[in-house]
There are 2 protein chains.
Amino acid sequence: MVYQATVSAPVNIACIKYWGKRDTKLILPTNSSLSVTLDQDHLRSTTTSRADPSFTKDRLWLNGVEEEIKPNSRTATCITEMKRLRANLEAKNPNEPKLSQFHVHIASKNNFPTAAGLASSASGFAALVKSLATLYQLPSTPSELSLIARQGSGSACRSLFGGFVAWEMGSSPDGSDSLAIEVASREHWPEMHALICVVSDDKKGTSSTSGMQRTVETSALLQYRIKHVVPERMKLVSEAIKTRDFNTFAKITMQDSNQFHAVALDTEPPIFYMNDVSRAIISLVVEYNRVSVDAGGPIKAAYTYDAGPNAVIYTLKENAKEIIELIVKYFPQANQFRDPFGLFGENGVQGKVVDGFNTTVVKPFGIGAVKELIHTQVGDGPRVLATEEALLGDEGLPPKA
Amino acid sequence: MVYQATVSAPVNIACIKYWGKRDTKLILPTNSSLSVTLDQDHLRSTTTSRADPSFTKDRLWLNGVEEEIKPNSRTATCITEMKRLRANLEAKNPNEPKLSQFHVHIASKNNFPTAAGLASSASGFAALVKSLATLYQLPSTPSELSLIARQGSGSACRSLFGGFVAWEMGSSPDGSDSLAIEVASREHWPEMHALICVVSDDKKGTSSTSGMQRTVETSALLQYRIKHVVPERMKLVSEAIKTRDFNTFAKITMQDSNQFHAVALDTEPPIFYMNDVSRAIISLVVEYNRVSVDAGGPIKAAYTYDAGPNAVIYTLKENAKEIIELIVKYFPQANQFRDPFGLFGENGVQGKVVDGFNTTVVKPFGIGAVKELIHTQVGDGPRVLATEEALLGDEGLPPKA
């Protein structure tokens, strides 16, 4: 009997940013956050977990390379917690096989290059937890699993759901109420699209784990943000999602990206994640929205930046084409745009701006400043995959490269 | 009889930043600020003012080009206020000539290129007000004159003093207590040196006048800064200056520069003044200080940035040579370093780092990223100059170019 499960899990990009822990071991945040889950058809982590009495220890392979599971590491914590849930189930159902007593082999891979600087820890830990939950046949809800994924990587808890997801910070010291909930499903607002601009950067970044704790320790502004700004924004953006009000969604998303980078800058020494290319993309989005708003129209695009220079631009499907044309105009691409939604036909992207756009707001950059453009949309939660998708072979080991 | 006076006035660079007005007409700030006055031997505005019954209107020339004095403009306000003070004096001393009833001709120039992006409005309005005060033989103190210079350009009020200067925000709605005071003279701490790194920038900046009002209107973080952060920092940095505690001075100066740019970024749409070169200079200063602090030494340099990409690095005289070597190492210069303090001798600046410096924190830039380095020090207040320095010829007009 082979006890094995393979799942994939999505990336999520926050509109209300998570920055700061009140408990670094349990990964309890200083504020609630809210994200959009992106489509696994384009970006995903895939993980296979197997339990077997012949295994001599827990082992992990990431993108084909074995990684040591250190005692008390975040990965070890997630595996231990999942085994504990399995043991509870076995205790209630004595006929269940004692999988909780077996060691596990886990293989995981991402379908996007690590070099792209896209956070893979969220999708990675969500896939890890979901694959073990499937292997162990746990009845746990996504919110229950999010409690464990959170201890792997905070933002991973939000990747247990599709659609629009809140991570409620909770108040309990044991973290039992710091979990993800669905604000709305992908089907509620399927027109939500995202364009990821992968930005080249020479600079060695500050890791988000160490960066956010420095902010907690040194930024006076963070304390104000936590107490007085985020709670109101969580309400407003949740309401905007429920009413499909893109204008409000966009406004708050941009404000909160700005404020996250503001508190990073208010840190000692200061933390910068955006560079001149990131700044230029902001200027383009601001001008693109100005043209629409000045003509009595809505805000049509919202930029947001995580702990790196890459931009994610949220927009509605109807405006995606204009925005891709705009970005390509200022950031010429080495490779042809992959066009997963079939917007451009044979001629491909020309690179152009909308009528009334002030082209002097930004000077065009050279090829490579934006290395890649990934067009995607709001997506679903973790998927259980067929046996053929497994990343472990008959021996319970990844296939040789 | 020729009624004329020529003065020069210095530039000042704030350690605690002024950003936000509570009254835009009177230029009353939302918080107090504090600056170091730089040496007029290196950077100055020079202004000649003349009053004559034959003049048919008030006229102004900036760097040889006539500028219209618009009614109710800031320049007009300063001239009107100075004439009012003269009229008061004439009322008390009936034998004084009635200069307040004559029109004035005013010629002003800066000895630094406007293209350098160094704020000339502070030194310019200080020189304007001081030249009129001298022309009118007013008994006004520098603090009294600062009330008027403030209405020309907020930070100009701080250029009425040498040394270390606070602009007390005051509380009166009429602005009568929003003025500059001396915290310490230049002689108190003559070792305070400054290195100005003139940074090239393609981007059209946001004017500080419009930028700060957008921050007042849209940044929640600014309100916290004003109420809870600045008052404490004003006390701490004043005390650091009085005790010549460079470590504390530097720490707070860098924190406050960071926080000013943080609230600019928290503005809607966000305002960026620093670019990738500015960020790189911060990284160099942070690493340079780390080497010293890790060896049990003090903080040796403090960066600060105003509403543009230029860095000003404060340091003590004994460390200036190391810092110039460091900046030149990463930012090679087209022209030889002008060495006003004679630090380098025949071989000039080599471009090198101190022992233990992690050279990978920043990649070296090409020639021109930092266009110019200006080495200066804490300086004195406005100077009354000899007749030979006058910028107006016999006719009361600037000499033809």
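All residue numbers refer to positions counted from 1 along the written sequence of the respective chain. Chain A is the first chain written and ligand 1 is the first ligand written, with later ones labelled in order. Predicted model: local features are reported for residues with pLDDT of at least 70 only, side-chain atom pairs are reported and counted for 80 or more only, and whole-chain, interface and lining totals are derived from all residues. Hydrogens and water molecules were not included; the side-chain quantities draw on all heavy atoms of the structure.

### Brief notes about the sheet that holds strand β5 (residues 33-37) of chain A
Residues and elements named next belong to chain A.
Consideration 1: Two strands form a pair only when DSSP identifies at least two bridges running between them. Helix and strand labels come from DSSP, where a helix needs a run of H or I of at least four residues and a strand needs a run of E of at least two; each type is numbered from the N terminus. Spatially, the 4 strands line up as an open sheet ordered β2-β5-β10-β11, and their pairing is antiparallel. This sheet does not close on itself; its edge strands, each paired only once, are β2 (12-16) and β11 (179-184). Pairwise comparison of adjacent strand axes, ignoring direction, gives a mean angle of 35 degrees for this sheet.
Consideration 2: One ladder, built from 5 bridges, connects strand β10 (residues 164-168) with β11; its direction is antiparallel. Bridge pairing links A166 to I181 in β11.
Consideration 3: Whether two residues are in contact is decided by their heavy atoms, any of which lying within 4.5 Å being enough. Throughout, an axis means a line fitted to C-alpha atoms (over the contacting stretch in the case of helices), and angles, computed between N-to-C directions, take values from 0 to 180 degrees. In the packing of helix α3 (residues 142-152) onto the sheet, contacts are made with β10 and β11, and the angle to β11 comes to roughly 130 degrees.
Consideration 4: Lying over the sheet, helix α5 (residues 220-242) contacts β2, β5, β10 and β11, oriented at roughly 30 degrees with respect to β5.

### What about the state of the cysteines?
Consideration 1: Throughout, a disulfide means two cysteine sulfur atoms within 2.5 Å of one another. Within this structure, the stated rule accounts for 0 disulfides over all chains.
Consideration 2: Of all cysteine sulfurs in the structure, the one in C78 of chain A sits closest to C157 of chain A, which takes part in no disulfide; the separation is 11 Å.

### Remarks on unusual backbone geometry
Consideration 1: Here the amide bond leading from E268 of chain A into P269 of chain A is cis, since omega sits at -15 degrees, within 30 degrees of zero.
Consideration 2: In this fold, P269 of chain A is placed in the loop between α6 (246-265) and α7 (276-294).
Consideration 3: The backbone phi angle of N63 of chain A is positive, close to 50 degrees, even though this residue is not glycine.
Consideration 4: By the element assignment, N63 of chain A lies in the loop between β7 (59-62) and β8 (65-67).
Consideration 5: On the accessibility criterion, N63 of chain A (41% relative accessible area) is partly exposed.
Consideration 6: Phi at R244 of chain B is positive, roughly 50 degrees, even though this residue is not glycine.
Consideration 7: Tracing the sequence through the fold places R244 of chain B in the loop between α5 (220-242) and α6 (246-265). Buried residues are those whose accessible area, probed at 1.4 Å on protein chains only, stays under 20% of the maximum for their type, while exposed residues exceed 50% and partly exposed ones sit between those limits.

### As for the packing of aromatic side chains
Residues and elements named next belong to chain A.
Consideration 1: Any Phe, Tyr or Trp ring, taking Trp's six-membered ring, that has another such ring centre within 6.5 Å forms a pair; planes under 30 degrees apart are called stacked, those over 60 apart edge-to-face, and the others tilted. Evaluation of the coordinates by the stated rule reveals 29 aromatic pairs over all chains.
Consideration 2: Here W19 and F260 contribute two aromatic rings whose centre-to-centre distance is 4.8 Å and whose plane-to-plane angle is 50 degrees, an arrangement assigned as tilted. Placement of the pair is W19 in the loop between β2 and β3 (21-23) and F260 in helix α6, with a sequence separation of 241 residues. Taken as a pair, W19 and F260 share a single burial class, namely buried.
Consideration 3: Among the aromatic side chains, those forming a connected cluster through ring pairs are F164, W189, F246, F249 and Y314.

### Comments concerning the sheet that holds β8 of chain A
Consideration 1: Sheet architecture is open: 6 strands sit in the order β8-β7-β9-β6-β1-β16 (chain A), paired in mixed fashion. Strands with a single pairing partner mark the edges of an open sheet, and in this sheet they are β8 and β16 (383-384) of chain A.

### Points about the packing of helix α1 (residues 74-92) of chain B against helix α2 (residues 121-135) of chain B
Residue and element names in this part refer to chain B.
Consideration 1: Between α1 and α2, the shortest axis-to-axis distance is 10 Å and the interhelical angle comes to 25 degrees. Here α1 lies roughly parallel to α2, going by the angle between them. As for how α1 packs across α2, the hand of that crossing is right-handed. Here R74, T75, C78, I79 and M82 of α1 come into contact with α2, specifically with F125, L128, V129, L132 and A133.
Consideration 2: When its residues are assigned to classes, the contact of α1 with α2 shows 8 nonpolar, 1 polar and 1 charged. Any angle between 65 and 115 degrees counts as roughly perpendicular, while under 35 counts as roughly parallel, over 145 as roughly antiparallel, and the rest as oblique. In a left-handed crossing the near helix is turned counterclockwise from the far helix by less than a right angle, and in a right-handed crossing that turn is clockwise. When residue character is reported, Ala, Val, Leu, Ile, Met, Phe, Trp, Tyr, Cys and Pro are called nonpolar, Asp, Glu, Lys and Arg charged, and the others, Gly included, polar.

Taken by themselves, the reported measurements are silent on function.
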